[in-house]
Amino acid sequence: MTSASQQATHHADIVPREHLDFKLNEDIPRFWMGGDPFKTRFFDAMSTLFPVGEKFFIISVREYRDRVTDPKLQREVRDFIRQEAQHTLVHKQFNDRLQAQGVDIEYITNTLEQDLIIEAPKVTTAEQRLAATAALEHLTSMMCTCFFERRDLLKDSDPRVRAMYAWHAIEEGEHKAVAFDVMDKVARSSYWRRILPMIGVSIGFPITVARIMHHMFVVDGFSFWQRLGLWARGLWWFWRPGGLFIPTLGYYFAYYKPSFHPWKVKEMPSYGDWVQNFARTGDPIAAGNALHAAGQ
Ligand SMILES: [Fe+2]
Ligand SMILES: [Fe+2]
């Protein structure tokens, strides 16, 4: 039988990029997305999840590493791990900024570490954790691909933070199939073993992000009524027709097709513009600007 991955057509190289400087120690506005607290804190909340989340991904894939026999997939697993480790390093730097603003990064990290790294292995199988990783990698690549299509979304953002997310998005696009391929070719997970964890993370992930955003709004000093207004406007921004999430639904639901493979869904727009600019300048902020400018 042909596996889903054997039918996929395109493949980007997975290039780990190290020692990147996004100048995150400079003076960056608290609400770096055009002064908008809701949009800013949505992305900030995700940043707080990355260090432990990516550790969970690395551990989940590494558990199958010894059983990967295909040399190409072996290399991809190695480079996937290297990329995720770099993302963690940079997001930790960014999260230090949030900690200085009063966000309880330590509590968020410790809670997540307890849930994902300590408790999850007691109640789930390695196959389930790998499938959860593949599902979360799909949600990540969905956001990277669909958000960077929206030039208006990041238009007024601080170029340094935008560049950090652009780089992260580029690399998530490059390695988006690795966890899936290990699940498909090595763990040989059935359709339902792939889909059920996706349903679980599709519920758990937004709830976790919302709880962290709530904490951030309290830290920011917004009153109850101000927070209610932020959520009302923010949820409309998410869910209105043509809003942030409606255009991602096709990408999201593609995962539920039995023949799904990550390389069958659309790729990140202007990927080549970022890669070319970074190759020429070696400057991730210039590359981030080029990525943003390319689609204008
Ligand atoms: Fe990542
Ligand atoms: Fe990833």
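Residues numbered from 1 in each chain as written. Chains lettered and ligands numbered in written order. Predicted model: local features only at pLDDT ≥ 70, side-chain atom pairs only at ≥ 80, totals over all residues. Heavy atoms only, no water.

Further remarks concern the packing of aromatic side chains. For the coordinates displayed, the defined rule picks out 31 aromatic pairs. Ring geometry for Phe-42 against Phe-245: centres 6.3 Å apart, planes inclined by 85 degrees, an arrangement best described as edge-to-face. You can see Phe-42 sitting in helix α2 (residues 37-62) and its partner Phe-245 sitting in the loop between α9 (224-239) and α10 (249-254), a full 203 residues away along the chain. Between Trp-239 and Phe-245, the aromatic rings sit 5.4 Å apart at their centres with planes inclined by 25 degrees, giving stacked as the arrangement. When its relative accessible area of 48% is taken as the criterion, Trp-239 is described as partly exposed. (Phe/Tyr/Trp six-rings, centres within 6.5 Å; stacked < 30°, edge-to-face > 60°. Helix = DSSP H or I, 4+ residues; strand = E, 2+ residues; numbered from the N terminus. Buried < 20%, exposed > 50% of the residue type's maximum accessible area, 1.4 Å probe, protein only.)

Attention now moves to the coordination of the iron ion (ligand 1). Within the protein, the iron ion (ligand 1) binds to Glu-54 (OE), Glu-84 (OE), His-87 (ND1), His-168 (NE2) and Glu-172 (OE); these donor distances fall in the range 2.0 to 2.3 Å. One chain supplies every donor to the iron ion (ligand 1), and in sequence these donors are spaced E-x29-E-x2-H-x80-H-x3-E. Here the iron ion (ligand 1) and the iron ion (ligand 2) are spaced 3.8 Å apart, with Glu-84 acting as a shared donor. Here His-168 and its partner Glu-172 are both found in helix α6 (residues 159-174), 4 residues apart, which amounts to about one turn of the helix. Assigned by exposure class, His-168 and Glu-172 land together as buried. (Donors = N, O, S within 2.8 Å, 3.2 Å for Na, K, Ca; no water.)

Across its 22 residues, helix α5 (residues 126-147) extends 31 Å between first and last C-alpha, which sits within 8% of the 32 Å expected from 1.5 Å per residue. Within α5, 20 of the 22 residues are buried, which leaves the element mostly enclosed by the surrounding structure. (Expected span 1.5 Å × (residues − 1).)

Before going further, it helps to examine the packing of helix α3 (residues 71-101) against α6. Remark: α3 packs on α6, axes separated minimally by 11 Å, with the N-to-C direction vectors making an angle of 160 degrees. In terms of their interaxial angle, α3 and α6 are classed as roughly antiparallel. By crossing handedness, the relation of α3 to α6 is classed as left-handed. Contacts from Gln-83, Glu-84, Gln-86, His-87, Val-90, His-91 and Phe-94 in α3 reach Val-161, Met-164, Tyr-165, Trp-167, His-168, Glu-171, Glu-172 and Glu-174 in α6. Taken together, the residues of the contact of α3 with α6 break down into 6 nonpolar, 5 polar and 4 charged. (Axes fitted to C-alpha atoms, helices over the stretch in contact; angles between N-to-C directions. Parallel < 35°, antiparallel > 145°, perpendicular 65-115°, else oblique. Left-handed = near helix turned anticlockwise from the far one by under 90°. Contact = heavy atoms within 4.5 Å. Nonpolar A, V, L, I, M, F, W, Y, C, P; charged D, E, K, R; others polar.)

Next up on the list: the nonpolar core. Side chains that are nonpolar tend, in soluble globular proteins, to be buried together. Ranked by size, the top nonpolar core spans 91 residues in total, and within it Phe-42, Phe-43 and Tyr-255 carry the most contacts. Ignoring any residue separated from it by four or fewer positions in sequence, one finds Phe-43 in contact with Trp-32, Met-33, Phe-147, Leu-153 and Tyr-165. (Core = buried A, V, L, I, M, F, W, Y, C linked by side-chain atoms within 4.5 Å.)

Let us look at the coordination of the iron ion (ligand 2). Surrounding the iron ion (ligand 2) are the protein donor atoms Glu-84 (OE), Glu-137 (OE), Glu-137 (OE), Glu-172 (OE), Glu-172 (OE) and His-175 (NE2), at 2.0 to 2.7 Å. Coordination at the iron ion (ligand 2) is irregular: its 6 donor atoms span angles of 52 to 151 degrees at the metal. Coordination of the iron ion (ligand 2) draws on donor residues from a single chain, spaced E-x52-E-x34-E-x2-H in sequence. (Tetrahedral: all angles 85-135°; square planar, octahedral: opposite > 155°, others 65-115°.)

Any two side chains of opposite charge can pair, on the condition that their charged atoms come close. Counted by the stated rule, this structure contains 16 salt bridges. A salt bridge links Arg-17 to Glu-174; the nearest nitrogen and oxygen atoms lie 2.9 Å apart. With Arg-17 in the loop between α1 (4-7) and α2 and Glu-174 in helix α6, the pair connects residues that are 157 residues apart, well separated along the chain. Exposure remark for Arg-17: the relative accessible area of 8% places this residue in the buried category. We classify Glu-174 as buried; its relative accessible area is 2%. The shortest N-O distance in the salt bridge between Asp-21 and Lys-23 comes to 3.7 Å. When its relative accessible area of 43% is taken as the criterion, Asp-21 is described as partly exposed. It is possible to trace a salt-bridge network through shared partners that takes in Glu-18, Arg-78, Asp-79 and Arg-82. (Salt bridge = Lys/Arg side-chain N within 4 Å of Asp/Glu carboxyl O.)

Turning next to α3. One turn of the α-helix equals 3.6 residues, which is why residues spaced by three or four share an orientation. Its 31 residues give α3 an end-to-end C-alpha distance of 45 Å, which sits within 8% of 45 Å, the value for a rise of 1.5 Å per residue. By the N-cap criterion, in which a side-chain oxygen at the helix start approaches the backbone nitrogen of a residue two or three places on, α3 is capped by Asp-70, the distance to Lys-72 being 3.0 Å. (Polar contact = N/O pair within 3.5 Å; in protein donor to acceptor, adjacent residues only side chain to side chain.)

What follows concerns a nonpolar patch on the surface. A cluster of nonpolar residues, Trp-192, Leu-196, Ile-199, Ile-203 and Ile-207, forms a patch on the protein surface that exposes about 520 Å² of accessible area. Relative to the assigned elements, Ile-203 resides in helix α8 (residues 191-219). (Patch = residues over 30% accessible without salt bridge, like charges linked within 9 Å, V, L, I, M, F, W, Y side chains within 5 Å. Areas by Shrake-Rupley, 256 points an atom, 1.4 Å probe, with all protein chains shown as cover.)

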